[in-house]
Every structure is written in structure tokens, then in C-alpha cells.
Amino acid sequence: MPELPEVETVRRGLAPAMEGAVIELAEVNRPDLRWPLPERMAERLTGARVERLRRRSKYILADLDTGETLLIHLGMSGRMLVSGEVLGGFHHDHPAPQKHDHVVLHMAGGARVTFNDARRFGAMDLVRTDREAAHWLLAGLGPEPFGNGFHEDYLIARLKGRATPIKTALLDQRIVAGLGNIYVSEVLHRAGLDPRRKAGRIAAVRTAGLVPLIREVLAEAIEAGGSSLRDHRRPDGELGYFQHIFRVYDREGDPCLKEGCTGTIQRIVQSGRSSYFCASCQR
């Protein structure tokens, strides 16, 4: 599942083609993805101007001048592909239509934005912009890692007394939005914290230290274009490369890369997900 850096990379790739542009024609080629698509979706999108493109957690939000917001969730295999002329950007000829091109947006100026999803685990919806926060996919989300609401005192307070493992707590979207399995594993390695440690038993100073590390890891991953695992691609079709500098994720049996550590990366399963860590330097 794409995590915050992958979704932010896609948002940035879409912005030159979509922000400020009119959707001259919207094609909706099926009635549903993971869930049913909104009624009259093609009609409601056609002629609308994209005022702003944002990200909330793992969702892309396109604010329209009609007072509605297009919500996009990539799911496990969804891809947003840009082709044609993009002002000040790249040019890729329009590819031939593919079987799994479920939604196609023909933008004024010649760009085309295609949502392709072979397994249909992605989702799209239209919601009134002024009611966005109450949408069932967004309601209850915690603060953004780069936002002012996510800070040391906040995280200490949210984790205080929790008996859940620290890895599970950081994956809880109600505590902090956008974090996923890959980047939590990387953060905990840099913090020297065992993913099995009870969140509420970690000293406040160490909990506070997670905030800058979360931002550091996410910023590095965004700069690298995300991690191209399985289906993820950037909108221009290129691959991200953060996976080439993983310190623990997917490195079971490899030596720990922390300076001075002689340990080996281990893999365990927590809540059905793989956790990678070094038992020698993560305590």
C-alpha cells in the first residue's frame, strides 16, 4: 500500500497538469472501484476547474471550483499517469487506452490524467469541500507528520499509558496520519527502539525524539520519489529509489548498517505485518 511519501510524490507529479486547469472531459469507464463511484461522476467533473491539489494522509484531494473535492485513494495497485503537454514540465505521448484505465481526465492544454488500477483496490469519491473533514475516509485521522499539530508534547500525551507495541501505535492513523509499515520500521531503527516495546513504557525523551526522526525519514523518502515496491510508479512513469537505501526494511539476514553495530536484521510478524529490526541496537 503506498504510504505518505509515495502519495505525496504522486500529488507533486500531478500538480503541473491539474492545478489551475479545467477538466474538459471526464471519462468514467466503470461504475465502481473498491466501492461504487459517485453518481454522475463524469458529468460533475467535466467543465470543472481544479483550484488546488492537496494530500491528506494517504489520500489526494483535488479542490474544484464547483465546491466539490475529488478524493483519490491509490489502493494497492492504483496508478495516476500523466501524458501529453504539461506547462513547464515533461511531455509523454498519450498511450493507447489500456484495459484497466478506469477514469480518464482530459485537461485543458493537452494533458491527460489516467487512473489505472488492475486490481481495483483504489477509490474515488466526490464530496462537498466544506464537509470534507466529515468524510468517512478522513474523519478521525490524526495530525499530519509535517503539520504544526504533530509535535513532541502531542506524541508523548497520545502514547502515555498505551500497552500496544510502539510499531502498532505509530501505524494507528488516529495518532499520526500517513505512516505505514515501511517508514515506521525505518524510523524505529534510527531511534534505536525495538518495535515490540510497549508504547507507554518508553521514556518521554525517547518518544519526543521520534517526531524529528519521522519527519527526517519521510522527507528523505519524498526527495527520493518514494519506494518503488510492486506497483508504485510516479505520474511520469519513473521509479522512486528510496528502497535502495533502506536500513532495515526487507533486509532480513543482512548486517545492520548502524555504525559500530555487529547485529543482523531480523523479521517478525506484528498484527499480520512484517517488522524488520536489529535486536542488537534496537532496545
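Just so it is clear, the model here is predicted, and its values are computed rather than measured.

(A) Region of the structure containing the packing of aromatic side chains. Using the criterion set out here, one finds four aromatic pairs in the structure. For the pair phenylalanine 246 and tyrosine 249, a centre-to-centre distance of 5.4 Å together with 75° between the ring planes defines the contact as edge-to-face. Look at tyrosine 249 and tyrosine 276: their rings are 5.1 Å apart centre to centre, the planes differ by 70°, and that puts the pair in the edge-to-face class. Taken together, the residues span a long stretch of sequence, with tyrosine 249 in the loop between helix H6 (204-223) and strand S10 (265-270) and tyrosine 276 in strand S11 (residues 273-278) at a distance of 27 residues. You can call tyrosine 249 buried: its relative accessible area is 16%. Relative accessible area serves as the criterion here: at 9%, tyrosine 276 is assigned to the buried category. In textbook terms, an aromatic cluster arises when at least three aromatic residues are bridged by ring pairs, as seen for Phe246, Tyr249 and Tyr276.

(B) Up close: the environment of arginine 12. Following the sequence through the fold, arginine 12 ends up in helix H1 (residues 4-18). When its relative accessible area of 47% is taken as the criterion, arginine 12 is described as partly exposed. Put simply, arginine 12 and lysine 198 are 186 residues apart on the chain and 36 Å apart in space, counted from C-alpha to C-alpha.

(C) Spatial organisation of the pattern of salt bridges. By the definition in use, this model includes 17 salt bridges. In this structure, glutamate 144 engages arginine 55 in a salt bridge whose closest nitrogen and oxygen atoms are separated by 2.6 Å. Remark: arginine 55 occurs in strand S2 (residues 50-56) and glutamate 144 occurs in the loop between strand S9 (123-128) and helix H3 (152-159); sequence separation between them is 89 residues. Through salt bridges with shared partners, a single ionic network connects Glu8, Arg11, Arg12, Arg55, Arg56 and Glu144.

(D) Representation of the nonpolar core within the structure. Core analysis: the largest hydrophobic core is formed by 38 residues, its most contacted members being Leu155, Ile166, Leu170, Leu210 and Ile214. Breaking this core down by element, the ones donating at least two residues are H3, helix H4 (166-171), helix H5 (181-191), H6 and S11. Apart from residues no more than four positions distant in its own chain, leucine 210 is found in contact with Leu155, Ile166, Leu170, Val187, Leu188, Ala191 and Leu193. In terms of nonpolar packing, the next biggest core, distinct from the first, is built from 32 residues, Val50, Leu105, Ala111 and Phe115 among them.

(E) Region of the structure containing the packing of H5 against H6. The N-to-C vectors of H5 and H6 enclose an angle of 130°; their axes lie 9 Å apart at closest approach. When the axes of H5 and H6 are compared, the pair comes out oblique. Read as a crossing pair, H5 and H6 show a hand that is right-handed. Together, Tyr183, Glu186, Val187, Leu188, Arg190 and Ala191 of H5 and Arg206, Leu210, Leu213, Ile214, Glu216, Val217, Leu218, Glu220 and Ala221 of H6 make up the contact between the two elements. A breakdown of the residues in the contact of H5 with H6 according to their chemical character gives ten nonpolar, no polar and five charged.

(F) A look at the side chain of arginine 55. Arginine 55 gets classed as buried once you look at its relative accessible area, which sits at 17%. Reaching out from arginine 55, the side chain makes a polar contact with the side chain of glutamate 8 at a distance of 3.1 Å. At a separation of 3.0 Å, a polar atom in the side chain of arginine 55 contacts the main-chain carbonyl oxygen of serine 57. If we skip the residues at most four places from it in the chain, arginine 55 touches Leu4, Val7, Glu8, Arg11 and Glu144.

(G) Representation of unusual backbone geometry. Unlike most non-glycine residues, arginine 40 shows phi in positive territory, near 50°. As for its position among the elements, arginine 40 is in the loop between strand S1 (23-28) and helix H2 (41-45). One non-glycine residue, serine 57, lies in the positive phi region at around 55°.

The rules behind the values
- Residue positions are counted from 1 within each chain, in the order its sequence is given.
- pLDDT decides what is reported in this predicted model: residues at 70 or higher carry local features, side-chain atom pairs at 80 or more are listed and counted, and totals for whole chains, interfaces and linings draw on all residues regardless.
- Side-chain numbers come from the whole structure's heavy atoms, not from hydrogens or water.
- Ring pairs are drawn from Phe, Tyr and Trp, using the six-membered ring of Trp, whenever the two centres fall within 6.5 Å, and their geometry is named by plane angle: stacked under 30 degrees, edge-to-face over 60, tilted for the rest.
- Numbered from the N terminus, helices here are DSSP runs of H or I no shorter than four residues, and strands are runs of E no shorter than two.
- Only protein chains enter the calculation, and the probe is 1.4 Å; a residue is then buried if its accessible area is under 20% of its type maximum, exposed if over 50%, and partly exposed in between.
- Salt bridge criterion: a side-chain nitrogen from Lys or Arg within 4 Å of a carboxyl oxygen from Asp or Glu.
- Only buried Ala, Val, Leu, Ile, Met, Phe, Trp, Tyr and Cys residues count toward a nonpolar core, and they belong to the same one when joined by side-chain atoms within 4.5 Å.
- The contact definition used throughout considers only heavy atoms, calling two residues in contact when any of these lie within 4.5 Å.
- Note on definitions: angles span 0 to 180 degrees between N-to-C directions of axes, and those axes are lines fitted to C-alpha atoms, for helices only across the stretch in contact.
- What sets the label is the angle itself: under 35 degrees gives roughly parallel, over 145 gives roughly antiparallel, 65 to 115 gives roughly perpendicular, and the rest give oblique.
- By convention the crossing between two helices is left-handed if the near helix lies anticlockwise of the far one by an angle smaller than a right angle, and right-handed if it lies clockwise.
- Just so you know the grouping, Ala, Val, Leu, Ile, Met, Phe, Trp, Tyr, Cys and Pro go in nonpolar, Asp, Glu, Lys and Arg go in charged, and all remaining residues, Gly too, go in polar.
- Polar contacts here mean pairs of N or O atoms no more than 3.5 Å apart (in protein, one a potential hydrogen donor and the other a potential acceptor; neighbouring residues in sequence count only if both atoms are side-chain atoms).

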